[in-house]
Amino acid sequence: MITRLSNLFRSQRLARMAWWSFIVAAFALALYPIVGLLHAAWCAMTWGRFALNDYGIYTNMIWNSGHGEPFRLLVDLSYLKTHLSFSLGLIGYLYHLWDHPFLLALVQNLSLAGGTMFLWAAAQRHRLPAPVTAALLLFFTGYVFTQRALLSEFHGVGMYFLLVPWLYYCLRFARRWSIIPLVLLLGIREEAFLFVLPMLAHAAWRDRWKPGYLLLALAVGYGLLAITWLYPLINGLSLIERRQESLGAARLFGTWHGQGLRLRASALALTLLPLLPFVGRRCAPMLLYPSVALLSCLASGFWRQHGLLNHYSPPVMTMLAVGLLETLAYPPVSGAKDRRPLRAFLLVVITIGVHLAFGFLPGGTNNDRSLRLPHHDGQMLLHALDYLPKKGLLVTQERFAAYTANRRDLLVWKRFKPEKHRADLVLESVRSLPNLMNSAFMAYLSNGTYGVLYHDQMNVILQRNGPTSEN
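Residues numbered from 1 in each chain as written. Predicted model: local features only at pLDDT ≥ 70, side-chain atom pairs only at ≥ 80, totals over all residues. Heavy atoms only, no water.

Taken N-terminus to C-terminus, the directions of helix H3 (residues 103-126) and helix H17 (residues 314-328) make an angle of 10°; their axes are 10 Å apart at the nearest point. Between H3 and H17, the angle falls in the class roughly parallel. Contact residues: H3 offers Leu 119, Ala 122, Ala 123 and His 126, while H17 offers Ala 321, Val 322, Leu 325 and Glu 326. (Axes fitted to C-alpha atoms, helices over the stretch in contact; angles between N-to-C directions. Helix = DSSP H or I, 4+ residues; strand = E, 2+ residues; numbered from the N terminus. Parallel < 35°, antiparallel > 145°, perpendicular 65-115°, else oblique. Contact = heavy atoms within 4.5 Å.)

Here it is in structure tokens:
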């Protein structure tokens, strides 16, 4: 009898130790992607994987927005012609704290960290078991959809990683503050209202919350006005005209075969796979919340969007996370065994397995050298920027634009017109300089029109009427 009790106690103790080991490991793994993705983004930038489109465009627009010229882009353009991204202008004020080209990548990563904190706080308020919370956070930070988005330069939709968990937390536990994350989210893109409609509608219905229906009406009303009235008012053309290439019938209906079907099948499988362990009586929220985001992406005629590649995954990924959290918030039926920890373990297994097959962090098949080690050439270019004045029109090649866009005036050579623009500064590689504009700048160096402000063995900065001692 004593031996049996001893063995039972020992087995229970081992089980408890195994669960605590799982909890600690899951929490540690959940924190790792936040740091690992930031390091990978830095390495990618030094390898030249960030370019004018899209990192340089966002940087220039957001920098100008924070310096008194909202949405001004590349001298004579407005970013609002691309998207009604009013909320992104607020990020521009951060350049007064740290005026560095890597700032937007850092902000995007901090958005993920902030969203993780809101998910953790909501899980605590729901009193989820520790293994379940740890598994959910690991899924949110480490799933392949998150990795794809955070390593796809910078895009406004990356802010969904903060705003969606924030909105969910407010709808659940701080209703009067819900308007703040909702308005910020609606200001990311004109179509952002679509994918949050299921969560808003469910919150209003679940709690019989009349102000929740007002929030739902606000989202729908703003979205429709933005698409049908505000966008044409600002830009002088309709959104459909602006998106003609992606919204044309050939694009919408011509990709439902071959590669298009394979990409959609992969996207659908990666979306549904982490939900499988939680299928049961109360699984409606995890299916409802991401439904509109998923369907709108799958219906798109653009291959990156219907494949949930690059930066097109955040709406689906963030709604998956809060949908799972809402599903897990319901305790088991009275008297039934709580199987949520076991299902959470399966979610961890799925997250790690998908990472091994498709991930970008160490261990994943897409983890190449450009995501592990900084490149010497990129670091040298960043050093050269210390000598680049902020005032004046800078003209440079597209490969350098992502590094130099945190300034007022910027153009790349294909947009530069000598009869219209005056280049005050030129940043080029030493190798490209002799053939630049049919050797015009070699002549300018000879006659003193431009002076060499800085040079090393790779890069050179020229300034109109600058010092000529190094010419």
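The rest of the description comes next.
Looking now at the packing of aromatic side chains. Enumeration according to the criterion identifies 20 aromatic pairs in this entry. Summarising the aromatic geometry, the rings of Tyr 160 and Phe 195 are spaced 4.8 Å apart at their centres and angled 55° between planes, so their arrangement reads as tilted. Of this pair, Tyr 160 sits in helix H6 (residues 160-173) while Phe 195 sits in helix H8 (residues 193-207), and the two are 35 residues apart along the sequence. Grouping residues by exposure puts Tyr 160 and Phe 195 together as buried. One aromatic cluster is present, built from ring pairs that chain together Trp 413, Phe 416, Phe 441, Tyr 444 and Tyr 450. Across from the ring centre of Trp 256, 3.7 Å away, lies the NZ or CZ of Arg 264, which sits over that ring. (Phe/Tyr/Trp six-rings, centres within 6.5 Å; stacked < 30°, edge-to-face > 60°. Buried < 20%, exposed > 50% of the residue type's maximum accessible area, 1.4 Å probe, protein only. Lys NZ or Arg CZ within 6 Å of the ring centre and 35° of its normal.)

All right, on to the nonpolar core then. Formed by 142 residues in total, the largest nonpolar core has its most connected members in Ile 62, Phe 145, Phe 195, Met 199 and Leu 462. Broken down by element, this core gets its largest block of residues, 10 residues, from H3. In this structure, Ile 62 is in contact with Leu 88, Ile 91, Gly 92, Tyr 95, Leu 104 and Phe 154, ignoring residues within four places of it in sequence. (Core = buried A, V, L, I, M, F, W, Y, C linked by side-chain atoms within 4.5 Å.)

With that settled, consider the side chain of Ser 65. Tracing the chain through its elements places Ser 65 in helix H2 (residues 52-65). Contact partners of Ser 65, with chain neighbours within four places excluded, come to Pro 70, Phe 71, Gly 89 and Tyr 93.

Here we come to the side chain of Gln 108. Relative to the helices and strands, Gln 108 resides in helix H3. Classification of Gln 108 as buried rests on a relative accessible area of 2%. A polar contact of 2.9 Å, which involves the side chain of Gln 108, links it to the backbone oxygen of Glu 153. Not counting residues up to four positions away in its chain, the partners in contact with Gln 108 are Ala 149, Leu 150, Glu 153, Phe 154, His 155 and Gly 158. (Polar contact = N/O pair within 3.5 Å; in protein donor to acceptor, adjacent residues only side chain to side chain.)

In this chain, Asn 53 is followed by Asp 54 through a cis amide linkage whose omega measures 20°. As for its position among the elements, Asp 54 is in helix H2. Its identity is not glycine, yet Glu 153 carries a phi of approximately 55°, on the positive side. As for its position among the elements, Glu 153 is in the loop between helix H5 (144-150) and H6. A positive phi is found at Asn 438, a non-glycine position, where the angle reads about 55°. Looking at where Asn 438 falls in the secondary structure, it is placed in the loop between strand E5 (425-429) and helix H21 (440-447).

All we've got here are geometric facts, nothing functional implied.
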